[in-house]
Amino acid sequence: MKRLAIIGAGGHGKVVADCAEKADEYDEIFFIDAIYPNTTQVLHWHIKASSEDWQKYINSADFVVAIGNNETRLRLTKELIERNANVVSIIHPSAQVSSYSTIGQGTVIFANAVINCSTELGIANIINTSATVDHDCKIGDGSHVCPGAHIAGGVNLGKHCWVGIASAIIQCVNITNNVTIGAQACVLNNISASGTYVGTPTQKIK
């Protein structure tokens, strides 16, 4: 029996569970969350343990962390890997992922997303609904490319980055760690300082 334990039963967790269910690779999908035992079910999926008790399933289930906060998701994913849990990536069957790209552990790729060839996705990334990451990109650990965002070829995106909904990054741009790109923003130049950037072309805000 193949089982998937999803850490985090919030809104993002539900979408990850639905994605995994659509992929049809698991006989059982369940949650681990701090709301247990007060809450034991989300939609038709069961919550089976609190966050502190995930280790009871380390030898009987695959794991993925479904927490929206980039730093928390990456920290928990690293902890699972360090403790030899089998951390997996989840890819929606409608996503188009090149066989010539690499996908880090704990990364989730949602419906209608596109990952083109020679791209490297780090661990614990979210490539959300209908987002695109073109050829020869590098996406750092614990980053989130939001729904409908588009990253052109040759982009280097650091860790803990947030690429806002419907935003765009032109080709061959380098973006440092801990950068937030606002919704519908357009990145036309390198970003070397952490912070939040909005507008077209993007400008840093305090």
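Heads up: these notes are all about the structure in this document. (Residues numbered from 1 in each chain as written. Predicted model: local features only at pLDDT ≥ 70, side-chain atom pairs only at ≥ 80, totals over all residues. Heavy atoms only, no water.)

**Some details on the sheet that holds strand β11 (residues 120–121)**
The pairing of strands in a sheet comes from backbone hydrogen bonds and takes either a parallel or an antiparallel form. Test applied: The rule for pairing is simple: two strands pair if DSSP sees at least two bridges between them. Segments assigned H or I by DSSP are reported as helices when at least four residues long, segments assigned E as strands when at least two residues long, and all are numbered from the N terminus.
Read from one edge of the open sheet, 5 strands run β8-β11-β14-β17-β20, paired in parallel fashion. Each of the sheet's edge strands pairs with one partner strand only, and the pair in question is β8 (102–103) and β20 (174–175). In the sheet, β11 pairs with strand β14 (residues 138–139) via 2 bridges, with the strands oriented parallel. Along β14, the bridge assignment pairs E120 with K138.

**Focus on the packing of aromatic side chains**
Selection criterion: Each aromatic pair joins two rings of Phe, Tyr and Trp (for Trp, the six-membered one) with centres within 6.5 Å, and gets the label stacked for planes under 30 degrees apart, edge-to-face for over 60, and tilted for any other angle. Only protein chains enter the area calculation, which uses a 1.4 Å probe; residues under 20% of their type maximum are buried, those over 50% are exposed, and those in between are partly exposed. Any Lys NZ or Arg CZ that is within 6 Å of a ring centre and within 35 degrees of that ring's normal is treated as a charge sitting over the ring.
With the rule as written, the count across this model stands at 3 aromatic pairs. Judged by centre distance (5.7 Å) and plane angle (85°), the rings of W54 and F63 are edge-to-face. A relative accessible area of 6% places W54 in the buried class. The residue whose ring lies beneath K2 is Y26, and the NZ or CZ to ring-centre distance is 5.0 Å. Between K48 and the ring centre of F30, over which it is positioned, the NZ or CZ distance is 5.3 Å.

**Let's talk about helix α2 (residues 70–82)**
Residue pairs three or four apart in sequence face the same way in an α-helix, which turns once every 3.6 residues. Going by this rule: Here, expected helix span is obtained from the residue count minus one, scaled by 1.5 Å. By definition, residues are in contact when any of their heavy atoms lie within 4.5 Å. Think of a polar contact as two N or O atoms within 3.5 Å of one another; within protein, one of them needs to be a possible hydrogen donor and the other a possible acceptor, and neighboring residues in sequence only count if both atoms come from side chains.
A rise of 1.5 Å per residue sets the reference length of α2, with its 13 residues, at 18 Å; its end C-alpha atoms lie 18 Å apart and thus fit the reference within 8%. Where α2 is concerned, the buried positions are N70, R73, L74, L76, T77 and L80. Contact partners of the buried residues in α2: β1 (3–7), β5 (62–65), β12 (126–127), β15 (144–145) and β18 (162–163). The opening residue of α2, the one whose side-chain oxygen lies 3.2 Å from the backbone nitrogen of E71, is N69.

**Quick look at the sheet that holds strand β4 (residues 45–49)**
Note the threshold: Only C-alpha atoms enter the line fits that serve as axes; for helices the fit covers just the stretch in contact. Angles between N-to-C directions range over 0 to 180 degrees.
With respect to topology, 5 strands assemble into an open sheet ordered β3-β4-β2-β1-β5, the strand pairing being mixed. Both outer strands of the open sheet, β3 (41–42) and β5, are each paired with one neighbouring strand and no more. For β1 and β5, the ladder comprises 4 bridges, and the chain directions are parallel. Each residue of the ladder has a partner; that of L4, found in β5, is D62. Each of β1, β2 (28–32), β3, β4 and β5 is contacted by helix α1 (residues 11–23), which is oriented at about 165° to β2, the strand it contacts most. Each of β1 and β5 touches α2; the most contacted strand, β5, lies at about 160° to it.

**Some remarks on the side chain of R73**
If you trace the backbone, R73 turns up in helix α2. Within polar-contact distance, the side chain of R73 engages the backbone oxygen of G68 at 3.0 Å. Of note is the side chain of R73, whose polar atom sits 2.8 Å from the backbone oxygen of A124. Those residues within four positions of R73 in sequence are excluded, and the remaining contacts are V65, I67, G68, A124, I126, G142, S143 and H144.

**Brief notes about the pairing of β2**
The criterion, for reference: By convention, orient the strands away from the viewer: a clockwise path from the first strand over the helix to the second makes the crossover right-handed.
Most of β2 sits out of view: 5 of its 5 residues are buried. Burial along β2 is two-sided: E28, F30 and I32 and I29 and F31, pointing in opposite directions, are all buried. Sheet topology places β1 next to β2; 5 bridges connect them, and they run parallel. In the strand pairing of β2, L4 is matched with I29. Handedness of the β1-α1-β2 crossover: right-handed. Summarising the sheet, β2 and β4 pair through 3 bridges and their orientation is parallel. Paired with F31 across the strands is I47, a residue of β4.

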